[in-house]
Amino acid sequence: MKIKAEVLIIGGGATGVGISRDLALRGIPSVLIEKGDFASGASGRNHGLFHSGGRYAVSDPEAAHECISENKILRRIAPHCIEETDGFFISLPEEGLDYRERFLRACEKVGIQTTLLSRDEALEQEPELNPNLLSAVRVPDGAIDPFALVLGNAKDAEEHGAKILLHTEIISLILNGDKVKGAKVKDLYQGEEYFVEASYIINATGAWASQTLKLAGLPIGMALSKGSMLITNRRLTHRVINRCRPPFDGDIIVPNHTVSILGTTSIRLEEVENFEVTPHEVSLLIQETSKMIPAIQGTRLIRAYAGIRPLFQSEEKGDDRAISRGFVLMDHEKRDGIKNLVTITGGKLMTYRLMAEKTSDLICKKMGTNVPCSTHSKPLPGANRPTGLTERLKQFTTDRGEVLCDCELIQKEEVKALLEKEKLKNFQDILHRTRLAKGTCQGGFCVYRLFGLLHELRKIEGDSNKILKGFLEERWKGIRPVLWGTALKEEELIESIYKGIFNL
Ligand SMILES: Cc1cc2nc3c(=O)[nH]c(=O)nc-3n(C[C@H](O)[C@H](O)[C@H](O)COP(=O)(O)OP(=O)(O)OC[C@H]3O[C@@H](n4cnc5c(N)ncnc54)[C@H](O)[C@@H]3O)c2cc1C
């Protein structure tokens with residue numbers, strides 16, 4: 001088999017699907033190849049902070065400026081993926097107020113709107129905050145659902161003619177003089193290998209960018225920085241809570257639907273895969289975040305997870321937090337004399353659209369065409385559909401059907417409709433497209449109900465015990481680092497259900 005593509009995009013994270021949509025809306029056909037499901041890299045393993053840019057205002061004004069500009073655009077084009085919570089930067093007695101003054105000036109310079117609140121005003125709005133706080137600065141932060149964002153981009157790209165191949169890996173890039181002729185790819189389900197010929201190639205593989213370029217003998221300097229996060233069993237605050245100090249470990253708490261996410265750490269790694277959250281990181285995150293919300297010390301944690309930040313490194317900077325969170329668009333014609341290859345890496349989920357716009361502009365320039373970008377004004381599919389918890393609750397009480405997931409109020413009909421509409425390749429693909437297994441029980445009680453539905457619809461291929469075990473093994477990796485107290489008791493109950501009732 002051989003596929004011919006005008007543009008080949010490698011990587012189905014936010015950046016890759018963003019480029020695929022951008023090009024499709026400009027009428028340029030592309031083929032996107034992703035080795036896992038959508039968002040299986042950093043796009044599905046991040047903190048979910050819809051940045052105002054405040055975090056970078058003092059240390060990296062360019063990244064802060066990109067964040068606030070995209071913040072305004074994404075509120076218009078993707079409101080269904082964002083919860084407009086606002087955020088507080090709180091000052092604690094340890095830090096004093098010096099940084100707050102620098103922070104306020106820096107925000108003003110890059111155009112981030114701020115409101116200064118007294119201690120009492122802040123506590124009235126967020127009662128769980130440390131009562132010793134000195135003050136809070138309100139900024140337009142929020143929470144973003146990365147899966148909805150990535151899937152929305154992919155859907156629109158496909159509706160406008162883009163082709164997307166999931167569970168397919170690029171295994172080599174074939175050079176021909178001063179061009180990359182195409183790529184050899186492997187279908188990871190069928191095992192089939194084939195060639196994709198392309199006029200232009202975009203490497204949007206995030207933290208894998210250097211590894212991908214090695215396939216063409218062109219390595220670049222990347223710092224791999226692991227960030228770990230913890231999920232609490234309840235939502236602690238309405239707003240995003242940041243600590244008003246230079247960026248450090250454990251200084252952000254992001255609300256996410258029914259839970260809160262505590263993060264993050266920054267640890268240099270050599271490898272882009274096979275990493276885990278360490279006990280030291282769990283202790284550090286609890287210790288630091290509980291300075292902002294003391295109740296965290298006694299709050300039950302339901303999961304730990306980590307992702308790798310793709311930080312581009314042009315020189316050795318020592319501390320990874322000193323490397324810019326801005327993005328890098330690399331034209332390999334200028335850097336290596338390869339005319340049709342471009343790499344886009346670094347940046348934030350927040351800036352995926354801008355990264356896609358700049359990459360597509362460069363491809364258009366190489367093609368000699370001049371079609372302008374329209375992603376800043378065209379809403380994503382579903383943008384007029386409210387998806388917040390309040391809406392879900394309203395629907396749930398008025399239209400109550402059989403429930404699959406009690407934590408996240410997911411009804412059987414909702415999942416049935418998804419399974420009937422989309423051709424999903426594996427069990428994890430279903431979990432990526434719903435909130436199943438994301439709530440307090442982490443799938444302990446809803447996943448076996450999902451298996452019942454899969455059997456009813458005859459959608460299970462292969463040994464279902466093996467698939468269920470695979471899910472439990474994966475779930476265990478995230479639960480093990482936070483297992484003590486009542487969580488341990490619940491886990492014993494879940495273990496006895498799967499071992500006793502299902503004989504696993
Ligand atoms: C711990 C952490 C916290 C973060 N928090 C935030 C936040 O709160 N807000 C925010 O805006 N940003 C945040 N970010 C940054 C953000 O997640 C990333 O910048 C963004 O998701 C990168 O998207 P991407 O598409 O460039 O890369 P990725 O999402 O990593 O996508 C790259 C894709 O390439 C695929 N791939 C790799 N090699 C191949 C191959 N050979 N063949 C086919 N496919 C391949 C991978 O499977 C992967 O899906 C955070 C990142 C981390 C790690």
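Residues numbered from 1 in each chain as written. Predicted model: local features only at pLDDT ≥ 70, side-chain atom pairs only at ≥ 80, totals over all residues. Heavy atoms only, no water.

Peer 1: Help me out: how do you make sense of the environment of Leu349 in this one?
Peer 2: Looking at the secondary structure, you find Leu349 in the loop between strand E20 (341-346) and helix H9 (352-367). Relative accessible area serves as the criterion here: at 15%, Leu349 is assigned to the buried category. Distance in space between the C-alpha atoms of Leu349 and Gly152 is 14 Å, their sequence separation being 197 residues. Sequence-distant contacts of Leu349, that is, excluding residues within four places in its chain, are made with Ala14, Ser43, Asn46, Ile144, Pro146 and Leu149. (Helix = DSSP H or I, 4+ residues; strand = E, 2+ residues; numbered from the N terminus. Buried < 20%, exposed > 50% of the residue type's maximum accessible area, 1.4 Å probe, protein only. Contact = heavy atoms within 4.5 Å.)

Peer 1: Explain the sheet that holds strand E4 (residues 82-83) to me, please; I cannot follow it from the model alone.
Peer 2: The strands that make up a sheet are held in pairs by hydrogen bonds between backbone atoms, and each pair lies either parallel or antiparallel. With antiparallel pairing, the three strands of this open sheet are ordered in space as E3-E8-E4. Of all strands in the sheet, those with a lone pairing partner are strand E3 (49-50) and E4, marking the two edges. As judged from the two bridges shared by E3 and strand E8 (residues 142-144), these two strands associate in the antiparallel manner. In the strand pairing of E8, Leu49 is matched with Ala143. (Pairing = 2+ DSSP bridges.)

Peer 1: What is the right way to read helix H1 (residues 14-25) from this model?
Peer 2: In an α-helix there are 3.6 residues to a turn, and that puts residues three or four apart on one side. Under the 1.5 Å per step criterion, the end-to-end length of H1 is 16 Å for twelve residues, consistent within 8% with the ideal 16 Å. With twelve of twelve residues buried, H1 lies mostly within the body of the structure. If you check which residues of H1 are buried, you get Ala14, Thr15, Gly16, Val17, Gly18, Ile19, Ser20, Arg21, Asp22, Leu23, Ala24 and Leu25. Where H1 ends, the next residue or the one after it, Gly27, has phi of about 85 degrees, a positive value. (Expected span 1.5 Å × (residues − 1).)

Peer 1: Sorry if this is basic, but what is going on with the state of the cysteines here?
Peer 2: A covalent bond bridging the sulfur atoms of two cysteines is what the word disulfide describes. With the rule as written, the count across this model stands at zero disulfides. Not engaged in a disulfide, the cysteine Cys107 finds its nearest cysteine sulfur in Cys244; these two sulfurs lie 8.2 Å apart. Classification of Cys107 by relative accessible area gives buried; the value is 0%. The thiol of Cys405 is unpaired, and the distance to the nearest cysteine sulfur, on Cys446, comes to 4.4 Å. (Disulfide = S-S within 2.5 Å.)

Peer 1: Help me understand the environment of Glu495, please; the structure alone is not making it clear to me.
Peer 2: Mapped onto the fold, Glu495 is located in helix H15 (residues 485-501). In this structure the C-alpha to C-alpha distance between Glu495 and Val7, which are 488 residues apart in sequence, comes to 48 Å.

Peer 1: Which parts of the structure should I look at to understand the side chain of Thr289?
Peer 2: Here Thr289 lies in helix H7 (residues 279-289). Among the polar contacts made by the side chain of Thr289, one reaches the main-chain carbonyl oxygen of Leu285 at a distance of 2.5 Å. (Polar contact = N/O pair within 3.5 Å; in protein donor to acceptor, adjacent residues only side chain to side chain.)

Peer 1: I tried to follow the packing of H1 against H9 on my own but got confused; where do I start?
Peer 2: To describe two helices that pack against each other, one gives the angle between their axes and the distance between the axes. For the pair H1 and H9, the least separation of the axes is 8 Å and the interaxial angle reads 55 degrees. Between H1 and H9, the angle is such that the two are oblique. When you trace H1 past H9, the crossing you get is right-handed. Here Ala14, Thr15, Gly18, Ile19, Asp22 and Leu23 of H1 come into contact with H9, specifically with Tyr352, Met355, Ala356, Glu357, Thr359 and Ser360. Looking at side-chain class alone, the contact of H1 with H9 contains six nonpolar, four polar and two charged residues. (Axes fitted to C-alpha atoms, helices over the stretch in contact; angles between N-to-C directions. Parallel < 35°, antiparallel > 145°, perpendicular 65-115°, else oblique. Left-handed = near helix turned anticlockwise from the far one by under 90°. Nonpolar A, V, L, I, M, F, W, Y, C, P; charged D, E, K, R; others polar.)

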